[in-house]
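Structural overview
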Amino acid sequence: MADDTMPDEKAVQVLRDMANRLRIHSIRATCASNSGHPTSCCSAAEIMSVLFFHTMRYKQTDPGHPDNDRFVLSKGHAAPILYAAWAEAGDIRESDLLRLRKIDCDLEGHPTPRLSFVDVATGSLGQGLGAACGMAYTGKYFDKASYRVFCLMGDGESSEGSVWEAMSFASYYNLDNLIAIFDVNRLGQSGVAPLEHCTDVYQKRCEAFGWNTYLVDGHDVVELCQAFWLATQVKNKPSAIIAKTFKGQGIPNVENEENWHGKPIPKEKADAIIKLIESRIQTNRNLIPKPPVEDSPEICITDIKMTTSPAYKVGDKVATRKAYGLALAKLGHANGRVIVLDGDTKNSTFSELFKKEHPERFIECFIAEQNMVNVALGCAARGRTIAFVSTFAAFLTRAFDQIRMGAISQTNINLAGSHCGVSIGEDGPSQMALEDLAMFRSIPNCTVFYPSDAVSAEHAVYLAANTKGMCFIRTSRPETAVIYSPQENFEIGQAKVVRHSNNDKVTVIGAGVTLHEALAAADHLSKQGISIRVIDPFTIKPLDAATIISNAKATGNWVITVEDHYQEGGIGEAVCAAVSEEPDILVHQLAVPRVPRSGRPSELLDMFGISAKHIIAAVKHTLMNKTN
């Protein structure tokens, strides 16, 4: 081993002392807030000391620099020790540690990107490693840069299946710039972790997933330094450091004891414990982290223009899912940082069209949707990529927690869900997304696109690429007619009135396949001398309330919504909320009323009450009520 790979004896003592200073900071901060997880911090003290003051390369004064090594605290409840490390590094003031968890302080109970040194929010366990995989993939394959990614995990969270989805992904893609650290402190929240201190079992499991592994005493800084250095020398494999530690290490009568999770040290005991830990500190020296290698490319991911109009003619029959794939391929030529992730559905979502033209920017995540979303979060961190995630919309529901945490992470990722509603037909209800609008409408700062033809689908893709925050694009399986000209302009939050006359009696709002059913109903009714107004909302969130209200008032204050979705949380409820302060507007909702079944799309639209026939009946019923 070269001389510069290990600290000298004095530096080793400084690292030991730093670990104890981090313990003291964590105890003081959690005592001041009267809440937090000091014992979870204490088990990781030496790991954090070695990482932040020996192993990682980064600029202390610029935590978000693109060339810095990345650190993800997957065991987010140990946030105080992360804050302590940055207090020692100089990015935050030590006095701020004593304001932990206060409403006017950004040092929250679990890490969030309110802080410059946090890339992704953590705290919902089992998600940090997937995000770290995305950062490492970006570093190795897109940036082709020297930075490494370190992810500190708890042993309890390794019960989460998403951890092993990430382990499989990292191995498959040879992420040798990724190092995971298992803090095996034996204890979970309410009792012992399933493997307790059986570190050899962790090792065998990691090796079975194709990882290079090291067993270490997690409180021995020399062993940690050596293991981290060895890990950096390994090629074509990710590395796992499996560290045997003790929860509450260094605290008498608390170390390795149960029932201390999430409890601060009693204030009457804290001073004595701090003095005891201080007595073990032998130096006042600080270690300066090594600077990063500055070799990340300069990039631009803003203001992406649609260079040519959509290549469709009115009347063409194109599924919006296919238009989505074609738009992705086109977008990939407009900006070299557009990437696409898919979960083994690329021939159904049509993301394969992007892969065909930009294979180096396509990530196959296989059937592991939770990890796919986490990887996308990591890929998008620090503004390194414009990420699109594609799968059946129904399968995104299993990644709801990852999506929710993505919103907390203030991420800019785009998710596209195909095969929505009963209109997919024979595959049956397990494949039919009927809850997805409700899910994404509930996500803060999420834009929800629901294109109804190929032209609007292409615009949705470009708008999503330029939109801050999370975006969801809902696409349909059936081929539907193009209703907009290539020159049509679309904007977020602006609906389209696609059928209107001065004699319209009712406003009907549909999206996707139901917009086409509404247009068919309008054609049929017009032959009977009944005119209706038809609106395409384009975005369900934000919804164009002004257009809906003005058109409702122009058609006698009657609105009918029709959607290929359950009623709860869908378009109808969004419209009801939008007109709630207009007491004279009445909304009649047509939606899928119960769990559907297999059948032909037309049969299912009819059976579940959202076909043109049912829209016609609803319009006539509404008009009958008007005259009574």
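Residues numbered from 1 in each chain as written. Predicted model: local features only at pLDDT ≥ 70, side-chain atom pairs only at ≥ 80, totals over all residues. Heavy atoms only, no water.

As annotated in an unreviewed UniProt entry, the protein carries the name transketolase and is attributed to Chrysochloris asiatica. Entered under Sequence similarities (unreviewed entry) in the UniProt record, the comment concerning the protein runs "Belongs to the transketolase family." The Subunit (unreviewed entry) field of the UniProt record for the protein holds the comment "Homodimer." (UniProt positions renumbered as here; feature names shortened; annotations may be inferred.)

Our focus in this paragraph is the overall build of the protein. The helix and strand inventory of the protein stands at 23 helices and 19 strands. The globule rule puts the C-alpha radius of gyration for 628 residues at 25 Å, and the 28 Å found for the protein is close to it. Taking the principal axes of the C-alpha coordinates as reference, the protein spans close to 90 × 50 × 40 Å. Per-residue burial for the protein yields a buried fraction of 61% across its 628 residues. Long-range pairs, those at least 24 residues apart, make up 79% of the contacts in the protein between residues at least 6 apart in sequence. Approximately 23,800 Å² of the protein is accessible, and the part contributed by carbon and sulfur atoms is 48%. Of note, the protein has its 63 positive side-chain charges centred 2 Å away from the centre of its 72 negative side-chain charges. (Helix = DSSP H or I, 4+ residues; strand = E, 2+ residues; numbered from the N terminus. Rg over C-alpha atoms; globule rule 2.2 N^0.38 Å. Buried < 20%, exposed > 50% of the residue type's maximum accessible area, 1.4 Å probe, protein only. Contact = heavy atoms within 4.5 Å. Areas by Shrake-Rupley, 256 points an atom, 1.4 Å probe, with all protein chains shown as cover. Lys, Arg positive; Asp, Glu negative; His and termini not counted. Charge placed at Lys NZ, Arg CZ, Asp CG, Glu CD.)

Under the local residue numbering, the UniProt record ascribes the feature "domain: Transketolase-like pyrimidine-binding" (unreviewed entry) to residues 318-482. Between the end C-alpha atoms of residues 318-482 there is a gap of 7 Å, over a span that is 41% helix and 21% strand.

A word on the sheet that holds strand β1 (residues 70-73). The strand order across the open sheet built from 5 strands is β1-β2-β3-β5-β4, with neighbouring strands paired in parallel fashion. The sheet terminates laterally at β1 and β4 (212-217), the two strands that pair on one side only. Neighbour-to-neighbour, the strand axes of this sheet turn through a mean angle of 20°, independent of strand direction. Taken together, the 6 bridges between strand β2 (residues 149-154) and strand β3 (residues 178-184) define a ladder with parallel strand orientation. Residue pairing for β3: Val149 is matched across the bridge by Leu178. This element, helix α6 (residues 128-142), spans β1, β2 and β3 of the sheet and lies at about 175° to β2. Contacts between helix α8 (residues 199-208) and the sheet are confined to β3, β4 and β5 (239-244), with β5 contributing the most and set at about 170° to the helix. (Pairing = 2+ DSSP bridges. Axes fitted to C-alpha atoms, helices over the stretch in contact; angles between N-to-C directions.)

Moving on: the sheet that holds strand β19 (residues 586-592). Taken in spatial order, the 5 strands make up an open sheet running β14-β16-β15-β18-β19, and their pairing is mixed. Edge strands, defined here as strands with exactly one partner in the open sheet, are β14 (496-499) and β19. Direction aside, neighbouring strands of the sheet carry axes that sit 25° apart on average. Judged from the 6 bridges that link them, strand β18 (residues 558-566) and β19 form a sheet pairing that is parallel. Its bridge partner being in β19, Trp558 is matched across the sheet by Leu586. Against the sheet, helix α19 (residues 513-526) touches β14, β15 (506-510), β16 (532-536) and β18, its axis set at about 165° to β16. Of the strands in this sheet, β14, β15, β16 and β18 touch helix α20 (residues 545-554), which is tilted by about 175° from β16.

Next up on the list: unusual backbone geometry. Only a minority of non-glycine residues have a phi that is not negative, and only a minority of peptide bonds are not trans. Here the residue pair Lys541 and Pro542 is connected by a cis peptide bond, since its omega of 0° sits within 30 degrees of zero. Mapped onto the elements of the fold, Pro542 is located in the loop between β17 (539-541) and α20. The backbone of Glu196 sits at a positive phi, close to 45°, despite the residue not being glycine. Following the sequence through the fold, Glu196 ends up in the loop between β3 and α8.

In helix packing, the relevant descriptors are the interaxial angle and the interaxial distance, both defined with respect to the helix axes. Look at helix α14 (residues 369-380) against helix α16 (residues 400-408): their axes get within 8 Å of each other, and the N-to-C directions meet at 15°. When the interaxial angle is binned, α14 and α16 end up roughly parallel. Crossing hand, α14 versus α16: right-handed. For the pair α14 and α16, contact is made by Gln370, Val373, Asn374 and Leu377 and by Gln402, Ile403 and Gly406, respectively. Looking at the contact of α14 with α16, its residues break down into 3 nonpolar, 4 polar and no charged. (Parallel < 35°, antiparallel > 145°, perpendicular 65-115°, else oblique. Left-handed = near helix turned anticlockwise from the far one by under 90°. Nonpolar A, V, L, I, M, F, W, Y, C, P; charged D, E, K, R; others polar.)

What follows concerns the pattern of salt bridges. In this structure the tally under the stated criterion is 28 salt bridges. Among the salt bridges present, the one from Arg337 reaches Asp143, with a minimum N-O distance of 2.5 Å. In this pair, Arg337 sits in the loop between α11 (320-334) and β7 (338-342) while Asp143 sits in the loop between α6 and β2, placing the two residues 194 residues apart along the sequence. With respect to class, Arg337 is no different from Asp143; both count as buried. (Salt bridge = Lys/Arg side-chain N within 4 Å of Asp/Glu carboxyl O.)

Before going further, it helps to spend a moment on the pairing of β3. Taking burial as the measure, the 7 residues of β3 include 7 buried ones, the bulk of the element. Neither face of β3 is open: one carries Leu178, Ala180, Phe182 and Val184, the other Ile179, Ile181 and Asp183, and all of them are buried. Handedness of the β2-helix α7 (residues 161-172)-β3 crossover: right-handed. Where β3 and β5 come together, 6 bridges link them in parallel fashion. Among the inter-strand pairings, Asp183 is bridged to a residue of β5, identified as Ala243. (Right-handed = clockwise from strand over helix to strand, strands pointing away.)

Burial of helix α3 (residues 45-55) is extensive: 11 of the 11 residues sit out of reach of the surface. Among the residues making up α3, those that are buried are Ala45, Glu46, Ile47, Met48, Ser49, Val50, Leu51, Phe52, Phe53, His54 and Thr55.

Attention now goes to the packing of α11 against helix α18 (residues 454-465). Where α11 contacts α18, the two axes come as close as 8 Å, and the packing angle between them is 45°. Our classification of the angle between α11 and α18 gives oblique. At the point where α11 passes α18, the crossing takes the right-handed sense. Residues Thr320, Ala323, Tyr324, Ala327, Leu328, Lys330, Leu331 and Ala334 of α11 pack against Ala454, Ala457, Glu458, Val461, Tyr462 and Ala465 of α18.

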